[in-house]
Amino acid sequence: QLAGQERLEVDLRHAVGTLRVRPANSRTLYSMNLAYDAEVFRAVTDFDGERVTLGLEGRDRDLRIKKGGRTPEMDVRLSPAVPLDLSLDFGAGRAEVDLGGLRLSALDIETGASETLVDVSEPNREVLRSANVAVGAAQFTAERIGNLNAERLSVDAGVGHVVLSLDGSWQRDLDIEVEMGVGAVEIRIPRGLGLKLVKESFLTALDAPGMERDGDAWYSADWTSAERRITIDVEAAFGAIEVVWLR
């Protein structure tokens, strides 16, 4: 339960399996439900009033699920009433993270070999100083990024497919940095949002319909007149970049 906290640092760790994160009710500071094989995994809970660490980790380096064993599941709910500095470290499996309505002031996400969906279903009422995402060999999708209310977003991806959907309620301009090893980056952007795209790679294909090139950058037709502008700098070793316009 809430006990007068003005801010909370949240560290979530989940080694393997299924992870779900979503807002709690207004009276709950945090909650966690777990399902796992206690012979292979152990729960992590540590709370000192201003910082909480929650998670599921292996008892040793062998995290293989036994034949017929249960796939670990972790369901976390976080308070929408206090500002949060959220750090999420997810290993292998599937993660569904709904940040809608949370008051995020800092966000760090790190994933391994996983399929991760992050949705900001409602606007963030705090200014998010920085959001950092590190993706391993994975599929990573972020939806309604406009609701993050972020000043800066960085995405560092190894091998895989990254989808950045720029819909949502925009309160400020945003600079996004994407570093990609081998894979594809899909940028979904609504009409009326100004987009500048800088590509720093000769071995990466670019499909950007309706955008005009000027030097090393591509601009949407309404860049100069748009109320909100998004600048994306993509540095990729090998792969593809696709811009998809949303209606």
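Residues numbered from 1 in each chain as written. Predicted model: local features only at pLDDT ≥ 70, side-chain atom pairs only at ≥ 80, totals over all residues. Heavy atoms only, no water.

Trainee: Run through the environment of Pro-123, naming residues and quoting values.
Mentor: Considering the arrangement of structural elements, one finds Pro-123 in the loop between strand 8 (114-119) and strand 9 (131-143). According to the relative accessible area criterion, Pro-123 is partly exposed, its value standing at 38%. Along the sequence, Pro-123 and Leu-102 sit 21 residues apart, while their C-alpha atoms lie 8.2 Å from each other. Every residue in contact with Pro-123, bar those within four places of it in the chain, is listed here: Gly-101, Asn-147, Ser-169 and Gln-171. (Helix = DSSP H or I, 4+ residues; strand = E, 2+ residues; numbered from the N terminus. Buried < 20%, exposed > 50% of the residue type's maximum accessible area, 1.4 Å probe, protein only. Contact = heavy atoms within 4.5 Å.)

Trainee: Run through the pattern of salt bridges, naming residues and quoting values.
Mentor: Per the stated rule, a full pass over the model turns up 14 salt bridges. Here Asp-75 makes a salt bridge to Arg-20, at a shortest N to O gap of 3.5 Å. Of the two residues, Asp-75 is situated in strand 5 (residues 73-78) and Arg-20 in strand 1 (residues 8-23); the sequence distance between them amounts to 55 residues. Residue classification places Asp-75 among the buried residues on the basis of a relative accessible area of 9%. In this structure, Arg-22 and Asp-75 form a salt bridge, with 2.5 Å as the shortest nitrogen-oxygen distance. Separated by 53 residues along the polypeptide, Arg-22 in strand 1 and Asp-75 in strand 5 bring together distant segments of the chain. The network of salt bridges with common partners includes Glu-9, Asp-11, Arg-13 and Arg-51. (Salt bridge = Lys/Arg side-chain N within 4 Å of Asp/Glu carboxyl O.)

Trainee: Before we move on, could you go through the pairing of strand 9 and cite the residues and values that matter?
Mentor: Alignment of strand 7 (residues 103-111) against strand 9, held across five bridges, turns out to be parallel. Looking across to strand 9, one finds that Asp-108 is bridged to Asn-132. Bridging between strand 8 and strand 9 involves five bridges; their strand directions are parallel. By the bridge assignment, Val-118 is partnered in strand 9 with Ala-142. For strand 9 and strand 10 (residues 152-165), the ladder comprises 11 bridges, and the chain directions are parallel. (Pairing = 2+ DSSP bridges.)

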